[in-house]
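# Geometric and topological summary
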Amino acid sequence: MNLLGHVDSLKSQTSIKFAAFIFISVASFYLGKHWSDGSRQLIFFSRQSPSGTTSSSPSIALSPNLNKEFNVSALIDTPEPPRSAKSEGKWASGSLKAPPPPPEFKIYGIIDENGTMSDKFEIGEFDTDLVENWDNGAEIEAETGKEDVRSTFRVKKFGFCGENMREYIPCLDNVEAIKRLKSTERGERFERHCPEKGKGLHCLVPAPKGYRPPIPWPRSRDEVWFNNVPHTRLVEDKGGQNWISRKGKDKFKFPGGGTQFIHGADQYLNQISKMVPDITFGHHIRVVLDVGCGVASFGAYLMSRNVITMSIAPKDVHENQIQFALERGVPAMAAAFATRRLLYPSQAFDLIHCSRCRINWTRDDGILLLEVNRMLRAGGYFAWAAQPVYKHEEALEEQWEEMLNLTTRLCWNLVKKEGYIAIWQKPLDNSCYLSREAGNSPPLCDQDDDPDNVWYVDLKACISRLPENGYGANVAPWPARLQIPPDRLQSIQIDSYIARKELFMAESKYWNEIVDSYVRALHWKKFQLRNVLDMRASFGGFAAAIIQNQLDAWVLNVVPISGPNTLPVIYDRGLIGVMHDWCEPFDTYPRTYDFLHAAGLFSIERKRCNMSTIMLEMDRILRPGGRVYIRDSLDVMDELEDIAKAMGWRPTLRDTSEGPHASYRILTCDKRHG
């Protein structure tokens, strides 16, 4: 009973509290409604007095925004209605200010506005006249605007040049430039006169009809296919001198003779060795220059004696001499003694040979023989086989006396005169030059003259000084000199001023390992590699590796003018090379090289000229069936591959030994068209 009574008591107390709450709420509402004047006001409660002091009892203050109207809807974002033609008129009339237009989006590179790869991209301005002058055989895909001269274009396919260009050498066949020469009496027409920029080769030089893969070495020394060099003038003019003859309908034959050695080059070489026993071919005599070489039988027969010969002749009335030499597989270049230095360094050749080369060595105070002196190594030999040596006619005897006088003033020593050959030796140092009487001519060249500076440099009527430190004179005998860092390595102007010997050795090891891998993995022994061109040779490490791997090939090392002049080191190693600018054509006939090697060339030269210009020149000098290896950075490979396809090559992109994540790749290409 007591528990139930207690529960009832709690229920009655809760009901009373609830009723009181309801009453207070209603009363508060009534009082607020009664005292309000209907205006919007906010009431603030504060314990701070108007004077700023704190009060114990709360005070009431009205909002400062009392009686102010506010447009609340203006503070709320609403979507802009579609712009009508009427509203466009308001923008134009200026009643409303138009927002600025978005910036024009331009595409540079190969990423479009969506961040994806694009086939067509902005490459800048181009000369529309230049494109119109391109050969009609090249298909060009282009897009041009009426107001904007910018265009994106790419060559889809290069066409063939006319049949009249099948033996075309751009810088030696520039008829227009040759016609403009003020004089040709000193042989200026045989020197380089390259087409203007943009007017060079834009098509593929065709091969003659019936062209066949060349006969492999050593058979090619003695015979070549007629259709590969279908010219008979040399047979008609020189057949009686044992140079060249026709063998049936499909071959030329080379008996190995020359104008002064009709009984054969081997007998002639033996005679030279007997005349001067110190001329030890393949030992102290390793690098030779043959001037006015004919079909290069002199150089061809020296190869079996471990001597490499640069055979040169101008593209004159017997214009196919160099083409025959290269078809035989013998090193050769079109070049002439005229008004400029030849493209070889000082002290390059151990022996320089001239057999009836039809050069007047004593003209213009001996300026042409002074060029021979520049290129001849200290202690090297000059062999001259010509009529003034052995014929006793008044005019010829006068020429011999002039030659004797000039060579004496050059401090050359006449070592031996026998039969129709005379051999002189160059001094080892400058002591003889310095001991001559004052005013004796020709004078020594100025101290600041660089005898290795050869690119478009005029001949100088002075004697090139030999280095006082003896550099260039003391090279090791062959074959040791191939791997010994030469003294002149220290005088090359390169970024590295220390550890040059280590750099030389490292480069040699690097290329030897690479060529060894080519031989093993890419079966180079099965290739018909004979004429090889290294387009950026540095110290000649690639050529040395070819020899170390016993490949039956020779290498012409090209040193680009865009880099350091390392040619003296190349020659001191017992190799041959030439200075060249790859933004210009090379002085050789079409289809004269089996293999072209370019390491790091395009990533440098593309800053100076168009890569397609170099590639088209490579196609011109490469034989059908020939190969190209390009080792270069990734950022040039896509363009090179596209150009190769446009020329009809078959390109393959390969990883280097560093693996797929390396920054370099190898682009191997096969030339298929003939």
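Everything that follows concerns the structure shown earlier in this document.
So, here is what we can say about the structure in this document. All of these numbers come straight from a predicted model, not from anything done at the bench.

Criteria and cut-off values
Throughout, a residue's number is its position along its own chain's written sequence, starting from 1. For this predicted model, a pLDDT threshold of at least 70 governs which residues receive local features, and a threshold of 80 or more governs which side-chain atom pairs are given and counted, while totals over whole chains, interfaces and linings are taken from all residues. Based on all heavy atoms of the structure, the side-chain values leave hydrogens and waters out of the count. For each residue, the accessible area found with a 1.4 Å probe, counting protein chains only, is set against the maximum for its type, and the residue is called buried under 20%, exposed over 50%, and partly exposed in between. Only DSSP runs of H or I reaching four residues or more are called helices, and only runs of E reaching two or more are called strands; each is numbered from the N terminus. Strand pairing is assigned whenever DSSP detects at least two bridges linking the two strands. With its strands directed away from the observer, a crossover is right-handed exactly when the path from the first strand over the helix to the second travels clockwise. Definition used in this section: a nonpolar core is a set of buried Ala, Val, Leu, Ile, Met, Phe, Trp, Tyr and Cys residues joined via side-chain atoms within 4.5 Å. For the domains described, the bounds stem from an automatic or database domain assignment. Contacts are assigned to residue pairs with any non-hydrogen atoms lying within 4.5 Å of each other. Each pair of aromatic rings taken from Phe, Tyr and Trp, with Trp reduced to its six-membered ring, is defined by centres within 6.5 Å and is described as stacked if the planes are under 30 degrees apart, edge-to-face if over 60, and tilted in the remaining cases. Look at NZ for Lys and CZ for Arg. If either is within 6 Å of the ring centre and within 35 degrees of the ring normal, a charge sits over the ring. Any two cysteine sulfur atoms within 2.5 Å of one another count as a disulfide. An axis is simply a line fitted to the C-alpha atoms; with a helix, the fit covers only the stretch in contact. Between two such axes, the angle follows the N-to-C directions and lies from 0 to 180 degrees.

Burial of strand 9 (residues 308–313) is extensive: 6 of the 6 residues sit out of reach of the surface. What you see with strand 9 is no split at all: I308, M310 and I312 on one side and T309, S311 and A313 on the other are buried throughout. Across 5 bridges, strand 8 (residues 287–291) lies against strand 9 in parallel orientation. When the sheet's bridge partners are listed, V288 is paired in strand 9 with T309. For the handedness criterion, the β-α-β arrangement of strand 8, helix 7 (residues 297–302) and strand 9 is classed as right-handed. In this sheet, strand 10 (residues 332–334) lies alongside strand 9 in parallel orientation, the contact comprising 3 bridges. Note that in strand 10 the partner of I312 across the bridge is M333. Note on the crossover from strand 9 through helix 8 (residues 321–328) to strand 10: the handedness is right-handed.

Y344, W361, F382 and W524 are the most contacted members of the largest nonpolar core, which totals 147 residues. Residue-level mapping places this core at the junction of two domains, with at least three residues from each of domain 1 (263–435) and domain 2 (480–671). Non-local contacts of F382, meaning those with residues more than four positions away in its chain, are made with I352, C354, W361, L369, V372, L376, M403, W412, A422, I423 and W424. Of all hydrophobic cores here, the second largest spans 10 residues; its members include F226, L234, F254 and F324.

Bringing the packing of aromatic side chains into the picture now. Considering all chains together, one arrives at 28 aromatic pairs under this definition. Plain terms: the ring middles of F226 and F252 are 5.1 Å apart, the flat faces sit at 45° to each other, and that makes the pair tilted. Of this pair, F226 sits in the loop between strand 5 (223–225) and helix 5 (233–238) while F252 sits in strand 7 (residues 251–253), and the two are 26 residues apart along the sequence. Both residues of the pair, F226 and F252, count as buried. Considering the side-chain rings of F337 and W361, the 5.3 Å spacing of their centres and the 80° angle between planes classify their relative orientation as edge-to-face. Highlighted residues: F337 in the loop between strand 10 and strand 11 (349–355) and W361 in the loop between strand 11 and helix 9 (363–375), separated in sequence by 24 residues. W361 matches F337 in its accessibility class, with the two residues each being buried. A network of ring pairs unites the aromatic residues F337, W361, F382, W384, W400, W412 and W424 as a single cluster. The cationic tip of R328 hangs over the ring face of F254; the distance from NZ or CZ to the ring centre is 4.3 Å. The side chain of R530 reaches across the aromatic face of W217, ending 3.7 Å from its centre.

The next point concerns the state of the cysteines. Disulfides are covalent bonds that connect the sulfur atoms of two cysteines. With the rule as written, the count across this model stands at 6 disulfides. The disulfide partner of C354 is C357, and the gap between their sulfur atoms is 1.8 Å. Because the torsion about its S-S bond is -80°, the bridge between C354 and C357 counts as left-handed. When its relative accessible area of 11% is taken as the criterion, C357 is described as buried. One disulfide bridge connects C411 with C432, the sulfur atoms lying 2.1 Å from each other. Torsion about the S-S bond of the C411 and C432 cystine: about -85°, corresponding to left-handed handedness. Of this pair, C411 sits in the loop between helix 11 (394–409) and strand 13 (413–418) while C432 sits in helix 12 (residues 431–434), placing them 21 residues apart in sequence. Judged by relative accessible area, C432 falls into the partly exposed class, the value being 29%. Taken in sequence order, the bonded cysteines of the protein chain link in the pattern 1-4, 2-3, 5-6, 7-8, 9-10, 11-12.

On to the environment of L567, then. By the element assignment, L567 lies in helix 15 (residues 567–572). With residues near it in sequence (within four places) discarded, L567 still touches L343, P345, N557, V559, G577, V578 and M579.

A word on the sheet that holds strand 10. Taken in spatial order, the 7 strands make up an open sheet running 10-9-8-11-12-14-13, and their pairing is mixed. Here the strands that pair on one side only, and so sit at the sheet edges, are strand 10 and strand 13. Ignoring strand direction, the axes of neighbouring strands in this sheet form an average angle of 20°. Contacts from helix 6 (residues 265–275) reach strand 11, strand 12 (376–385), strand 13 and strand 14 (421–425) within the one sheet, and its direction differs from that of strand 14 by about 50°. Relative to strand 12, helix 9 is tilted by about 135°, and along the sheet it contacts strand 8, strand 11 and strand 12.

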